[in-house]
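Observations on the model geometry
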Amino acid sequence: MQKIIVIDFGGQYNQLIARRVRECQVYCEITSWRTPLDKILAEKPMGIILTGGPSSVYEEGAATCGRELFEAGIPVLGLCYGAQLMMQVLGGKVERATNREYGKTRTVFDTRSALFAGLPESSIVWMSHFDYISRMAEGFTSVAHTDNCPVAAAECVEKKLYLIQFHPEVLHTEYGRQMLDHFVKDICGCDGDWRMDAFVQNQIRVLRERIGDGRVLCALSGGVDSSVAAVLLSRAVGKQLTCVFVDHGLLRKNEGDEVEAVFGPNGPYELNFIRVNAAQRYYDKLAGVSEPERKRKIIGEEFIRIFEEEARKIGAVDFLVQGTIYPDVVESGLGGESAVIKSHHNVGGLPEHVDFKEIIEPLRDLFKDEVRKVGLELGIPEVLVFRQPFPGPGLGIRIIGDVTAEKVRIVQDADAIYREEIAKAAEAWKRENGIGGGTGLTENATPQERYDYAVRQNPAWMPDQYFAALTNMRSVGVMGDERTYDYAVALRAVRTVDFMTAEAADIPWEVLQRVMSRIINEVRGVNRIMYDLTSKPPGTIEME
Ligand code: XMP
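This is a predicted model, so every value here is computed, not measured.

With that settled, the discussion passes to helix H6 (residues 224–237). For H6, spanning 14 residues, the distance from its first C-alpha to its last is 20 Å, which sits close to the expected 20 Å at 1.5 Å a residue. Most of H6 sits out of view: 13 of its 14 residues are buried. Looking one or two residues past H6, Gly238 carries a phi angle of roughly 50°, positive in sign.

Written out as structure tokens, the structure is:
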């Protein structure tokens, strides 16, 4: 398979670069700048992209690379820090400017460059740099500039070296996607052979070969990753796969049944499905516990115990499935430069007392959007494929304070109303804007078309994650002629790209009003609704 390698110098958009390249249907991987060059070349990349980074190239100890990288005959594109590094290493000069160039910036392009061919001569790009290229290395020509930056892009066609000072991977750069497409296809010569239907066929073949007649065990949460992994495996080895679904009583309304409807004996897939209804067991363990970390720990540990109990009943298995995806690989420091491990996301971790020989991670190379596309290729219902992120500890961390069955009911009902109203408002927006309803999807739409419809064509206010939470606060209200003393529900809705930072979403007032009045009228035990305006940081997305 044709491959591009992204060398990570620690910049904030590095995963985004890789995702954008893959959107051009070209496979790419991220590797740290510390990886030796011969190892990179052994991968036979069609091209190399150098990312941005937090330091200055002239600082002592700054991330760097050798000259040989640029002499290997492979096309190289340096972005931001990567652009400056290329210049510095090849004998150009990088200096600190008096003013930082930051934000949307009008830029003039030489459209004779293969990077910008066919694009407008002037457009908006996203700049974020203090240092600038004050002198280019020999053999380079400037092919873009702004008022403040004489070298916004440059090239040495003969050596297939290209550099861009701004960030084509960021959506604010109007034609960024096309520029990357030009690099990977026209300059590196990639055909665009990375496609999800091919991935599915290939994975099924590889999994069959690897598993043979072995037995496979998978913990199914109903989340996107584990659902897609499970279906992929069921396609590959059918009933050799057993999925254990632990319903901890902290799922959203009807979710347990929805998961069972898809994966259970009446669903379309052939696999062994075990649902464990453990709600009461969890409520007993959680009774009276209000400290968030303690709650998380109890929920995680209980999951492991139940999973182990079920596994014991099944006996020895050969393979255990994990829903690891590519950002997990990069973030755990195995791929790229950043070593941030979101430990709290691996609740549970690996069970210690399950008898298995090997771990299978069929989604290890995929970004989240690719996992969703694979899900659609596999025919998984859209409610599961486009499910919002839902934390492992579930509603347990959306109920501030101690958890009871009664509080779970309140959050489930309030949350269901909230989701229903947002979905209705989004559909209404689509109708008003002529999307869908005849102009949208036909029944024969391809997975890619269905993906685009679901993801791209939403109102601007559409949150990336939204849910109701139960504050532990009760307050006085009136209902009819009676005084009430009931709970306050908090509505959360955030816009985010990577879930590391987030802003409160700007949901239309009338939608919020409708949600408020329905929850108050329909959910017993609630007499007040609040909207959480906090961004992350300082808040987190979840409440605990
Ligand atoms: P926070 O609350 O840390 O959440 O801002 C960021 C994203 O991660 C999800 N989240 C979790 N996911 N197990 C998970 O699988 C967890 O324990 C967990 N805690 C938070 C959260 O829903 C948001 O999308």
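Alright, that's what it looks like, and here's the rest.
Time to look at the packing of aromatic side chains. Within this structure, the stated rule accounts for 13 aromatic pairs. Centroid distance Tyr326 to Phe367: 5.4 Å. Interplanar angle 90°. Geometry classified as edge-to-face. One end of the pair, Tyr326, is in helix H10 (residues 326–331); the other, Phe367, is in the loop between strand S14 (358–360) and helix H11 (368–377), and 41 residues separate them in sequence. Put simply, the rings of Tyr27, Trp194 and Phe199 touch in pairs and so form one group of aromatic residues. The residue whose ring lies beneath Arg96 is Phe130, and the NZ or CZ to ring-centre distance is 4.3 Å.

Let us look at the domain arrangement of the protein chain. It is common to give the size of an interface as the accessible area lost on bringing the parts into contact. Each assigned domain of the protein chain is listed here: domain 1 (3–187), domain 2 (196–385) and domain 3 (404–532). Relative placement of domain 2 and domain 3: their C-alpha centres are 27 Å apart. If you look at the interface, domain 2 gives 14 residues, while domain 3 gives twelve residues. Summed over the three residues of domain 2 that lose the most area to domain 3, namely Lys253, Lys373 and Leu376, the buried surface amounts to 40% of that side. On the surface where domain 2 and domain 3 come into contact, there are two salt bridges.

Scoring rules and cut-offs
Residues numbered from 1 in each chain as written. Predicted model: local features only at pLDDT ≥ 70, side-chain atom pairs only at ≥ 80, totals over all residues. Heavy atoms only, no water. Helix = DSSP H or I, 4+ residues; strand = E, 2+ residues; numbered from the N terminus. Expected span 1.5 Å × (residues − 1). Buried < 20%, exposed > 50% of the residue type's maximum accessible area, 1.4 Å probe, protein only. Phe/Tyr/Trp six-rings, centres within 6.5 Å; stacked < 30°, edge-to-face > 60°. Lys NZ or Arg CZ within 6 Å of the ring centre and 35° of its normal. Domains from an automatic or database assignment. Contact = heavy atoms within 4.5 Å. Buried area = accessible area lost by both parts, 1.4 Å probe. Salt bridge = Lys/Arg side-chain N within 4 Å of Asp/Glu carboxyl O.

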